[in-house]
Amino acid sequence: MDPVIQVAGIHDIEEAKLAIESGANWLGIPLRLPSGKDDISEEDTKHLIEQLGSQAKFVLITYSSSAEELTSLVKELNFDAVQLHGDISVEEVQALRDMNPSIQILKSLVVKQDNHSQLLSTVREMEDVVDMFLTDTYNPDTGAKGATGLQHDLTVSKKIVESTRKPVIIAGGLNPTNVAEAIAFVRPAGVDAHTGLEGKDGRKDRHLVEKFSEESRRQFKELDEE
């Protein structure tokens, strides 16, 4: 599998094109957020994937815990993968798998200060029903579980990589200046960035995405050559 370089929080088709042109091969689109403030509408997401679906993998980032709701979104909008970012049972994930055998399923593992054991337990429970895991950062000040701009203790991500046979993507506070060091330490299957690739206007910055992609690919190549 080629290393995953995911840019999350896509706002529109222009930003999606920018990310792909700048080296991203996976694009993450959060929908039906608990706040109700999605970055992009479902209608625009469908159009975006119809236009660009052959150029990258498109990932639904969701807090939904319903296999039926997720299946409806996946089939209506033609996503390639689902990133389960909320609490969901093993049974619902298995149902999602049964209803959508061709998609890839990622389970987010949100790293807090003292939940390492809980995350490893989730890995053991979910390992047989998901394709990948993704580690992200919890912000205790806001309660946010991702898109925080904060980096978690990468020792936790490293332990998760070492504890599972499934690929692990790391997220949380990654940007062009720290992604190579994070890859070298954790040795993941991929990286994901959101706020670390945005300018002051809140949109993805072409230079930041290009540099993030370049640094990521360079470090992944070094790992392959060891």
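The rules behind each value
- Residues numbered from 1 in each chain as written.
- Predicted model: local features only at pLDDT ≥ 70, side-chain atom pairs only at ≥ 80, totals over all residues.
- Heavy atoms only, no water.
- Phe/Tyr/Trp six-rings, centres within 6.5 Å; stacked < 30°, edge-to-face > 60°.
- Lys NZ or Arg CZ within 6 Å of the ring centre and 35° of its normal.
- Buried < 20%, exposed > 50% of the residue type's maximum accessible area, 1.4 Å probe, protein only.
- Helix = DSSP H or I, 4+ residues; strand = E, 2+ residues; numbered from the N terminus.
- Pairing = 2+ DSSP bridges.
- Right-handed = clockwise from strand over helix to strand, strands pointing away.
- Axes fitted to C-alpha atoms, helices over the stretch in contact; angles between N-to-C directions.
- Contact = heavy atoms within 4.5 Å.
- Salt bridge = Lys/Arg side-chain N within 4 Å of Asp/Glu carboxyl O.

Q: Just give me the short version of the packing of aromatic side chains, but keep the residues and values in it.
A: One pass over the structure, following the stated rule, counts zero aromatic pairs. Residue placement shows Lys158 over the ring face of Phe185; its charged tip is 5.2 Å from the ring centre.

Q: Now, about the pairing of strand S1 (residues 4-8): what can you tell me, with residues and values included?
A: S1 sits mainly inside the fold: five of its five residues count as buried. As judged from the four bridges shared by S1 and strand S8 (residues 190-193), these two strands associate in the parallel manner. Counterpart to Ile5 in the pairing with S8 is Val191. As defined by bridge partners, S1 adjoins strand S2 (residues 26-30) across three bridges and the pair is classed as parallel. Residue pairing across strands places Ala8 opposite Gly28, the latter belonging to S2. Crossover handedness for the path S1 to helix H1 (residues 13-21) to S2: right-handed.

Q: With reference to specific residues and values, describe the sheet that holds strand S6 (residues 132-137).
A: Sheet architecture is closed into a barrel: eight strands sit in the order S1-S2-S3-S4-S5-S6-S7-S8, paired in parallel fashion. On average, each strand axis in the sheet is inclined to that of its neighbour by 25 degrees, with strand direction left out of account. Relative to strand S5 (residues 104-111), strand S4 (residues 81-84) runs parallel, the two being bridged by four bridges. In the sheet register, Val82 faces S5, and the bridge partner there is Ile105. Most of the contacts of helix H5 (residues 116-126) go to S5, to which it runs at about 165 degrees, and overall it touches S5 and S6.

Q: Outline the pattern of salt bridges, supporting the account with residue identities and numerical values.
A: In total, this model carries 14 salt bridges according to the counting rule given. Two residues, Lys158 and Glu162, come together in a salt bridge whose shortest N-O distance is 3.7 Å. With Lys158 and Glu162 both in helix H6 (residues 154-163) and four residues apart, the pair spans about one turn of that helix. Exposure remark for Lys158: the relative accessible area of 22% places this residue in the partly exposed category. Note that Glu198 and Lys204 form a salt bridge whose closest N and O atoms lie 2.9 Å from each other. Residue Glu198 shares its accessibility class with Lys204, and that shared class is buried.

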